[in-house]
Amino acid sequence: TRGVLSVAQIQGINSDLREKINQGINGILAKQKTNGAFGYWSRHDRIESEYVPFAVDTLIQSMPYANNPAEVQVAIDKAFTYLDRQYFDDAWTAMYTYGVLAQSGFEVKSRARYVLDEQLPRAIADETNGSHQIDLLVMGYWLAALIQDDKRTALIHAELESLVVIQKTSAI
C-alpha cells in the first residue's frame, strides 16, 4: 500500500491506483483487533509492536483515497488509543509511535524526551551497524523536530554529523 501511495503522489491518482490503495486499506482493517492493535497475519494473530505505528501511519496516508473514510477514521482512532497506552522497549518503535501520535495532535513531549534521552543512546550503543545507528539518529531527529525540541534536535544533529564523518573516514 505504501508503494502504491508513493506512485499516486508522483503520477497522480487514477481508478486503478485508487482500487489498489483501497485493497490495501481493507487488508489493514481486516487485521485490526478489538483493542486497536493489528495482528501480524490476521486479527487473530500475534501483535508485532513495531508494525502497529506503521499500519496506522499507512491508514492516515491512505485517507484521501479511502472509499470508506468513516470506517478508516474509526480504525485510526482505535489504533491511536492502543498506541497512546503502550510503552515500547524498542527505541525505534517508540520514536515512530510518538512521532505519529505527535503529528496527530497527541501530547507526547515527555515520553518523546524520555525515549530521546534514555532509549535512543542505549539503542545506538547496542547497535554495531553504523547504517542502523544513522537510521536511529535520523528517526530521533525527526521526533525531536516534531515536538519542537531545538535542544535535542541540535544534539542529535551533531551526533549524526559526527557519525557520518566517522563512516566516511572508515570507508576510505
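This text gives an overview of the structure that appears in the document. Only a predicted model underlies this, so the values are computations on that prediction, with no experimental measurement involved. (Residues numbered from 1 in each chain as written. Predicted model: local features only at pLDDT ≥ 70, side-chain atom pairs only at ≥ 80, totals over all residues. Heavy atoms only, no water.)

## With respect to the overall build of the chain
Turning to step 1, where the next piece is worked out: Helix and strand counts for the chain stand at 8 helices and 0 strands.
Turning to step 2, where the next piece is worked out: If you list the helices and strands of the chain from N to C, you get α-α-α-α-α-α-α-α.
Turning to step 3, where the next piece is worked out: The dimensions of the chain, computed from C-alpha atoms along their principal axes, are 50 × 35 × 30 Å.
Turning to step 4, where the next piece is worked out: Each of the 172 residues in the chain was classed as buried or not, and the buried ones make up 39%.
Turning to step 5, where the next piece is worked out: For the chain, the proportion of contacts with a sequence separation of at least 24, taken over those separated by at least 6, is 57%.
Turning to step 6, where the next piece is worked out: For the chain, the accessible surface area stands at approximately 9600 Å², while carbon and sulfur atoms represent 52% of it. (Helix = DSSP H or I, 4+ residues; strand = E, 2+ residues; numbered from the N terminus. Buried < 20%, exposed > 50% of the residue type's maximum accessible area, 1.4 Å probe, protein only. Contact = heavy atoms within 4.5 Å. Areas by Shrake-Rupley, 256 points an atom, 1.4 Å probe, with all protein chains shown as cover.)

## A word on the packing of aromatic side chains
Turning to step 1, where the next piece is worked out: The final tally for this structure, using the stated rule, is 4 aromatic pairs.
Turning to step 2, where the next piece is worked out: Judged by centre distance (5.0 Å) and plane angle (85°), the rings of Tyr40 and Trp41 are edge-to-face.
Turning to step 3, where the next piece is worked out: Assessed through its relative accessible area of 30%, Tyr40 is described here as partly exposed.
Turning to step 4, where the next piece is worked out: Residue classification places Trp41 among the exposed residues on the basis of a relative accessible area of 63%.
Turning to step 5, where the next piece is worked out: A connected cluster of aromatic rings, assembled from ring pairs, spans Tyr40, Trp41 and Tyr51.
Turning to step 6, where the next piece is worked out: In this structure, Arg46 is placed above the aromatic ring of Tyr40, and the distance from its NZ or CZ to the ring centre is 4.6 Å. (Phe/Tyr/Trp six-rings, centres within 6.5 Å; stacked < 30°, edge-to-face > 60°. Lys NZ or Arg CZ within 6 Å of the ring centre and 35° of its normal.)

## Some words on the packing of helix H5 (residues 91–103) against helix H7 (residues 130–146)
Turning to step 1, where the next piece is worked out: Here H5 crosses H7 at 25°, and the two axes come no closer than 9 Å. Put simply, H5 runs roughly parallel to H7. In this structure, the crossing between H5 and H7 has a hand that is left-handed. Judged by residue contacts, Trp92, Met95, Tyr96, Tyr98, Gly99, Val100 and Gln103 of H5 engage Asp135, Leu136, Met139, Gly140, Trp142, Leu143 and Leu146 from H7. (Axes fitted to C-alpha atoms, helices over the stretch in contact; angles between N-to-C directions. Parallel < 35°, antiparallel > 145°, perpendicular 65-115°, else oblique. Left-handed = near helix turned anticlockwise from the far one by under 90°.)

## Concerning a nonpolar patch on the surface
Turning to step 1, where the next piece is worked out: A cluster of nonpolar side chains, Tyr40, Trp41 and Tyr51, forms an exposed patch at the surface whose accessible area comes to about 370 Å².
Turning to step 2, where the next piece is worked out: Secondary-structure assignment places Tyr40 in the loop between helix H2 (15–30) and helix H3 (52–62). (Patch = residues over 30% accessible without salt bridge, like charges linked within 9 Å, V, L, I, M, F, W, Y side chains within 5 Å. Salt bridge = Lys/Arg side-chain N within 4 Å of Asp/Glu carboxyl O.)

## Describing the packing of helix H6 (residues 109–126) against H7
Turning to step 1, where the next piece is worked out: Orientation of H6 relative to H7, taken along the N-to-C sense of each, is 170°, at an axis distance of 11 Å. Judged by the angle between their axes, H6 and H7 are roughly antiparallel. For the pair H6 and H7, the contacting residues are Ala112, Val115, Leu116, Leu120, Ala123 and Ile124 in the first and Gln133, Leu136, Leu137, Gly140, Leu143 and Ala144 in the second.

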